[in-house]
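Below are the chains, spelled out letter by letter.
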Amino acid sequence: MIITRNWLQEWIDIREISSERLLSTLNSIGLEVDAHDKISLPKGVVVGLVKSKRRHENSDHLNVCEVDVGKQSLQIVCGAKNVEAGQYVAVSLIGAVLPSGLEIKPAKLRGVESFGMICSATELGLAKTNDGIMVLDSSIGELVLGKELREYEIFNDDLIEIELTANRGDCLSILGIARDLGAALDLPLKEKHEFEDADGAPGIGRILSVRASDEVSAKFAFRAYEIKGELKLNLKQTLRLASVDILQSCAVQNFINYATHSTGVLLRAYDFEKIASADGKVALDIKPMPNGEFGVYAGKRLLSVAGICQDAELKACCSSKVVLLEANYTAPLIIAKAVNENKGLKGDEHVYRSSRGSEPKLRLGLDLLFRLLLKNKAVSLYAGTQKISNALEPLIVGFSEKEINSMIGAQIPRDKIVKILKRLGFDVGVEADLITAKVPPFRHDIVNSHDVCEEIVRIVGIDNIAAAPLSFYEKNRLNDTYVSLCNGRKLRSKAAAVGFFECVHYVFDDGKALENLGFAPCKVKILNPINGELDALRPTLINHLLESAERNLKNSRRSVKLFELGDVFNADGSQCLRLGFIASGLKAEPSIAAGAKPEAVDFLYFANLIQSVIGKFNVRLPSENLKFLSEFEQAQIEQGGEIVGFIGRVDYAVEAGRDLDKSYLCEIDFSKLKFENIVADAYSKFPSVSRDLSILVPSGMRFERIKQCIDALKIEALKELIPSDLYSDESLGDSKSLTIRLVFQDLQKTLCDEEVAGFTDKILAALSSELGLGLR
Amino acid sequence: MQEIKAKIDAASSLSELEAVRLELFGKKGIITALFSELKSAAPEQKKELAVSANEKRDYFSELIAAKRASLEEAEQREAMKNEAIDVTLFNENVSCGALHPVMETMDKIIDYFIAQNFSVESGPLIEDDFHNFEALNLPKYHPARDMQDTFYLNDGRLLRTHTSGVQIRTMEKFKAPPVRMIAPGAVFRRDMDLTHTPMFHQVEGLVVEQGDRVSFANLKYVLEEFLRYMFGDVRVRFRPSFFPFTEPSTEVDISCIFCHGEGCRVCKQTGWLEVLGSGVVDPNVFKAVGWKNVSGYAFGLGVERFAMLLHGIPDLRSLFEGDIRLLEQFK
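Quick caveat, the model's predicted, so the values are computed rather than measured.

Residue and element names in this part refer to chain A. A complete count under the given rule lists 65 salt bridges over all chains for this structure. Residue Asp311 is joined to Arg301 by a salt bridge in which the shortest nitrogen-to-oxygen separation is 3.0 Å. Residue Asp311 is found in the loop between β18 (309-310) and β19 (322-329), and its partner Arg301 is found in strand β17 (residues 301-305); the two are separated by ten residues along the sequence. For Arg301, a relative accessible area of 38% corresponds to the partly exposed category. The structure contains a network of salt bridges with shared partners spanning Arg168, Asp170, Asp180, Arg443, Asp445, Glu455 and Arg458.

Here helix α4 (residues 43-83) of chain B spans 59 Å end to end across 41 residues, near enough to the 60 Å set by a 1.5 Å rise per residue. Of the surrounding elements, those touching the buried residues of α4 of chain B are α1 (2-10), α2 (14-25) and α3 (30-40) of chain B.

Residues and elements named next belong to chain A. Taken as a whole, the second largest pocket encloses approximately 2,000 Å³ of empty space. Leu604, Val619, Phe703, Glu704 and Pro723 are, among the 43 residues lining the second largest pocket, the residues nearest its centre. Taken together, the elements giving at least two residues each to the lining of the second largest pocket come down to α16 (603-614), β30 (618-620), β31 (629-639), β34 (689-698), α18 (703-711), β35 (718-727) and β36 (735-744). A per-element tally of the lining of the second largest pocket places β35 first, with eight residues. Of the residues assigned to the lining of the second largest pocket, the class counts are 19 nonpolar, eleven polar and 13 charged.

Turning our eyes to something else, we now look at the interface of chain A and chain B. Contact residues are listed per partner, giving 87 residues for chain A and 88 residues for chain B. Where chain A abuts chain B, roughly 7,500 Å² becomes buried across the two surfaces, and 60% of that area is made up of carbon and sulfur atoms. Asp107 of chain B is the partner of Arg492 of chain A in a salt bridge, and the nearest nitrogen-oxygen pair spans 3.1 Å. Where chain A touches chain B, the interface holds 36 residue pairs in polar contact (both at pLDDT 80 or more). With eight residues, the single largest contributor to the side of chain A that touches chain B is helix α13 (residues 480-497) of chain A. Residue classes in the side of chain A that touches chain B are distributed as 41 nonpolar, 25 polar and 21 charged.

A word on the nonpolar core. Ranked by internal contacts, the top residues of the largest apolar core, which has 203 residues, are Met134, Phe155, Ile177, Tyr225 and Phe508 of chain A together with Leu227 of chain B. Each residue touching Tyr225 of chain A, except ones within four places of it in the same chain, is listed here: Leu231, Val252, Lys321, Val322, Val323, Leu325, Phe370, Leu373, Val379, Ser380, Leu381 and Tyr382 of chain A. Grouped together as the second largest cluster of nonpolar side chains are 28 residues, Leu491, Ile610, Ile614 and Phe670 of chain A included.

We now examine the sheet that holds strand β23 (residues 427-431) of chain A. Residue and element names in this part refer to chain A. Strand order across the open sheet formed by three strands is β22-β24-β23, with antiparallel pairing between neighbours. Every other strand in the sheet has two partners, leaving β22 (396-400) and β23 as the edge strands with one partner each. Pairs of neighbouring strands in the sheet enclose a mean axial angle of 20 degrees, with direction left out of account. For β23 and strand β24 (residues 434-438), the ladder comprises five bridges, and the chain directions are antiparallel.

All names here are of chain B. Within strand β9 (residues 294-302), seven of the nine residues are buried, leaving the element largely enclosed by the surrounding structure. As defined by bridge partners, strand β5 (residues 199-210) adjoins β9 across nine bridges and the pair is classed as antiparallel. Paired with Val207 across the bridge in β9 is Tyr297. Pairing between strand β8 (residues 272-281) and β9: four bridges, direction antiparallel. Residue pairing across strands places Ser278 opposite Phe299, the latter belonging to β9.

The next thing to look at is the pairing of β5 of chain B. As a general feature of sheets, a regular strand has side chains that alternate between the two faces. Residue and element names in this part refer to chain B. Among the twelve residues that make up β5, eleven are buried, leaving the element largely enclosed by the rest of the structure. Two strands pair when backbone bridges link them, and strand β4 (residues 179-188) and β5 are joined in this way by ten bridges, in the antiparallel orientation. Residue pairing across strands places Ala186 opposite His201, the latter belonging to β5.

It is at 12 Å that the axes of α13 of chain A and helix α5 (residues 101-115) of chain B come closest, and there the two elements cross at 140 degrees. For the element pair α13 of chain A / α5 of chain B, the angle class is oblique. α5 of chain B is crossed by α13 of chain A, and the crossing has left-handed handedness. Residues Tyr482, Leu485, Arg489 and Arg492 of chain A of α13 of chain A lie in contact with α5 of chain B, whose contacting residues are Met103, Glu104, Asp107, Ile110, Asp111 and Ile114 of chain B. In terms of residue class, the contact of α13 of chain A with α5 of chain B is made up of five nonpolar, no polar and five charged.

Residue Pro178 of chain B is reached from Pro177 of chain B by a cis peptide bond, and omega for that bond is 5 degrees. Looking at where Pro178 of chain B falls in the secondary structure, it is placed in the loop between α7 (165-174) and β4. In this structure, the amide linkage connecting Glu247 of chain B to the following residue, Pro248 of chain B, adopts the cis form with an omega of 0 degrees. Secondary-structure assignment places Pro248 of chain B in strand β7 (residues 246-255). Phi is positive for Asp186 of chain A, close to 55 degrees, though the residue is something other than glycine. If you trace the backbone, Asp186 of chain A turns up in the loop between α3 (174-185) and β12 (208-212). In this structure Asp186 of chain A comes out as partly exposed when scored by relative accessible area, which is 35%. Here the phi dihedral of Lys268 of chain B falls at roughly 50 degrees; this positive angle occurs in a residue that is not glycine. Relative to the assigned elements, Lys268 of chain B resides in the loop between β7 and β8.

The next thing to look at is the side chain of His544 of chain A. Its place among the elements puts His544 of chain A in helix α15 (residues 542-554). When neighbours within four sequence positions are excluded, His544 of chain A is seen to be in contact with His505, Tyr506, Phe508, Asp509, Leu534 and Arg538 of chain A.

Time to look at the sheet that holds β35 of chain A. All names here are of chain A. Strand order in the open sheet made by the four strands is β35-β36-β34-β37, with antiparallel pairing throughout. The outermost strands of the open sheet, each flanked by one partner alone, are β35 and β37 (774-775). Looking at chain direction, β34 and β37 are connected through two bridges and run antiparallel. Along β37, the bridge assignment pairs Ile695 with Leu775. Strand contacts of α18: β34, β35 and β36, with the helix running at about 150 degrees to β35, the strand carrying the most contacts. Where helix α19 (residues 753-771) meets the sheet, it contacts β34, β36 and β37, and its direction lies at approximately 15 degrees from that of β34.

Residue and element names in this part refer to chain A. Under the counting rule described, the total for this entry stands at 25 aromatic pairs over all chains. A centroid spacing of 5.9 Å and a plane angle of 35 degrees characterise the contact between Phe606 and Tyr664, whose relative ring orientation is tilted. Highlighted residues: Phe606 in helix α16 and Tyr664 in strand β33 (residues 663-669), separated in sequence by 58 residues. Accessibility classification places Phe606 together with Tyr664 in one group, the buried group.

This brings us to empty space enclosed by the protein. Gaps left between atoms are located by rolling a probe of water-molecule size over the structure's atoms. A full pass over the atoms with the stated rule returns three cavities of 30 Å³ or more. Taken as a whole, the largest cavity spans an internal volume of roughly 60 Å³. Taken together, 13 residues line the largest cavity, and the ones lying closest to its centre are Thr165, Asn167, Arg168 and Arg458 of chain A together with Ser241 of chain B. Gly169, Asp170, Ser173, Gly264 and Glu359 of chain A are, among the 13 residues lining the second largest cavity, the residues nearest its centre.

Bringing the environment of Val397 of chain A into the picture now. Tracing the backbone shows Val397 of chain A in strand β22. Filtering out sequence-adjacent residues up to four positions away, Val397 of chain A remains in contact with Ile435, Thr436, Ala437, Val439, Val447, Asn448, Ser449 and Val452 of chain A.

Before going further, it helps to spend a moment on a nonpolar patch on the surface. A surface patch of nonpolar side chains, amounting to about 320 Å² of accessible area, comprises Ile592 of chain A together with Ile85 and Leu89 of chain B. You can see Leu89 of chain B is positioned in the loop between α4 and α5.

Residue and element names in this part refer to chain A. Under the definition given, this model contains zero disulfides over all chains. Distance from the sulfur of Cys318, which forms no disulfide, to the nearest cysteine sulfur (Cys250) is 3.9 Å. The closest cysteine sulfur to the non-disulfide-bonded Cys576 is located on Cys522, 11 Å from its own sulfur. We classify Cys576 as buried; its relative accessible area is 14%.

Mapped onto the secondary structure, Ala520 of chain A falls in the loop between α14 (511-517) and β27 (536-537). Linking Ala520 of chain A and Arg423 of chain A, residues 97 residues apart in sequence, is a C-alpha distance of 63 Å.

Quick notes on the rules
- Residues numbered from 1 in each chain as written.
- Chains lettered and ligands numbered in written order.
- Predicted model: local features only at pLDDT ≥ 70, side-chain atom pairs only at ≥ 80, totals over all residues.
- Heavy atoms only, no water.
- Salt bridge = Lys/Arg side-chain N within 4 Å of Asp/Glu carboxyl O.
- Helix = DSSP H or I, 4+ residues; strand = E, 2+ residues; numbered from the N terminus.
- Buried < 20%, exposed > 50% of the residue type's maximum accessible area, 1.4 Å probe, protein only.
- Expected span 1.5 Å × (residues − 1).
- Contact = heavy atoms within 4.5 Å.
- 1 Å grid on protein atoms, 1.4 Å probe; cavity = no way out; pocket = protein on both sides within 12 Å on 5 of 7 lines; lining within 4 Å.
- Points joined across faces, edges and corners; volume = space filled by probe spheres on them.
- Nonpolar A, V, L, I, M, F, W, Y, C, P; charged D, E, K, R; others polar.
- Buried area = accessible area lost by both parts, 1.4 Å probe.
- Polar contact = N/O pair within 3.5 Å; in protein donor to acceptor, adjacent residues only side chain to side chain.
- Core = buried A, V, L, I, M, F, W, Y, C linked by side-chain atoms within 4.5 Å.
- Pairing = 2+ DSSP bridges.
- Axes fitted to C-alpha atoms, helices over the stretch in contact; angles between N-to-C directions.
- Parallel < 35°, antiparallel > 145°, perpendicular 65-115°, else oblique.
- Left-handed = near helix turned anticlockwise from the far one by under 90°.
- Phe/Tyr/Trp six-rings, centres within 6.5 Å; stacked < 30°, edge-to-face > 60°.
- Patch = residues over 30% accessible without salt bridge, like charges linked within 9 Å, V, L, I, M, F, W, Y side chains within 5 Å.
- Areas by Shrake-Rupley, 256 points an atom, 1.4 Å probe, with all protein chains shown as cover.
- Disulfide = S-S within 2.5 Å.

Encoded structure:
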């Protein structure tokens, strides 16, 4: 909603209020100022009168004008098509500097001297009013030749754009904003007298009859006027419409826009002749439509749907002879329901207002429009109004001073409450402790004492309410959600500490890409996805992690390590929290510290990083391989006896298809991770002894089998079993040499060499008999 | 003897020193010779000779030991010098990763309210119409539903457009006041341009007490304190606004942290930054969960907005792209 200070002045006397105070008041009462511009004109632009005009001898588009600017008469060459003798115009004198930076100097145009410039609105920095020069008229004030234009109020204005909240349809007009300001500044609204029909004007009843069925719970009012010449707005009206950006080419529509923007009353214009029946009369029928909205019919023809749309063919325009005006108020809920239920119903610019609540006092709009037209010689007005008014019962809200004050937490005296509400248009009654407020019809958003309280808070100003702490009972409020949050935070910090960057990705994902990775589509689908690449609920974190890894590699990263703790959706639509990791490319960016040529990431390196984040885990070979991981390097992660996730190398097809370097992925079901209290074991105070055994292992045999074989011996003193080296060369043929480090330690004593030898012999014997393995 | 001492002093390496030592103590060494002479010396001379030999032996032993220590130190220092790394080769290329600025900001927000004895609550991302709209005084066709362009799902539910639904879920869970909670989490709106992403994060707050104990003034207090905790010494401004589930409602601004209220590009020359929405809980919300004779306040904030302001991040969308060029700045 755009307003100008000058236009506001029509409804409320704010001459004493500075612009700064005006803006801060608007903000403090909840009418948020989105933008503020000063309208001002440069010095040296004055009123002039074109006394004569002649064609330039050497040009077919230039005119040479004699312009009277008061103390002198100037010869000015003007290129505008619309310049005519007898016009009052804006003349930039020699020395004036226009907003574009152009300085006016004496000039010679095709040999003819020119001493100034006749200006258009845009050349003066104003909104565009028309093609060609701006023609002045006395609507802006008495035209005095030579007077600086900047001294006229309309050229010395504030343009204020207000961002309205959805509940304040009543402020979609200059009047509405003036009313709110009046309450805040304690100023009365200017009285507007009702429009009185001229004696002898033909009555509208002669040409129009209106019928409405009983179900029509809305207000309609109709008037008519006849156009006899050229319908034109004056300069002030034109400038105002242009500055709030609603100026159109059709004068009929412009008058309507002016009245609506002023009062908030919704108006439409019909071309009378196009809808009149053979007898030259119009009979309107107003009937409810299928979704509760109201249609205006002439015979069988639907002229408009109240507050929603209109048949463009039957709209009045400047060439119409008789204009039939309709003012309407329909409750916002009816409009919203109709527009939402019937998608085929295309609303026009009325819907924005009607769905938020237009002004129900229709007379305000029609009277204003007729007052404007009355001054227009090209128009003759019909007398009287045809009305349908199925009035809405006014709502009365009751409350006490105490109730309001305990809501606010401050003491607002009753007199002040009453005064504020009266200024806002409420009818207020006081009886003992009870205050009753009859809600004005334009405030459909007010239904209870909380709404009334908001009005008080707004107008009093929140800054004037002192902040006060709330006393409350202490209570342990640390619940499961908090514990889970802390656990997540712990893991996230660890992940960052070992080199992963945290990502946040959308829970939307590319359905097609997910399918290619082998994920079953989720049963729950998005009906209106934002685009084709974000059309599915993600069942996994890994697709976005792959995308981000690829993006970083493209940005010449050599080492990419990312993680995300985020929600995904199972195939049945249930939500679950996952922790996902990706490492792609090198173990580190090349540097002196990391070595000039760091190695590519590998399984053990990656798995160790994951282990330092989520704690100790075992790997298990999966019974069924995941499609997006390499069949040669993938495993399930087991923690506390439960499979909590998977880990492995990205499959070749995915790696190549996405332009990735060697990459590893891991995804963990967060809810399955154990965050139990750790109970420490007793530890030995005696020295430990370690032995390295190098065994020949045929390639293809998993270490898991060797470990199981040794574990089965249940040697209590065996504290650690670490694969410490893996070696192969040609001499070993198809086998590999695996070095196992065995660490022995006894709780009670220092182990002697014979005991250790006994253990290693036992182990070697088992490896030989069970797996056929021997020392290298 | 003076000559030998000069040789010891002049030795410039451990091997040179060893050569001198052998000259003294080797098989044919001068000191060794003194002791062998002792054997054949006359008994009356023996004592005197022995004392002299011992003195010389001790004198040179000490001399050599001292020289060796000093030569060894010099040699170690030389080695240290040779293996020393130019300390200015150090750079900021630390090998750790970093937490995401949005998540870290959310943590910081949560910490404040935990310290104020708020509980942390959560709700599902897929919500039903009742919890996301209806119970929050957003009946069907309410124009404010348009403000939150919604993702609808094929099972009649939707992706939550705000964390406010957790207000309802928490009251249903608690069954009676008091409630003192925040609900952090992701929310979704069907909007994607320079300043909108279809997913972002909010933190919701709700306080409810029996009777009329909770007032607008209490809300003002907690938010003013909170915003100063987050942004330092800022001025806080409250503007009346509209949210269907609070009445009275207010939007909260802080004085611009970039220009300190002078007016700049970030605050669009207003000197103020909008950071929060809040208000006194609308009675219709309590009605939806069947609570009577209670009062409360609620607030909600956008975590991305906070993170962008705190860290001067210009592009909202960059927060969701996993781009290390942004993330590594938070190491």
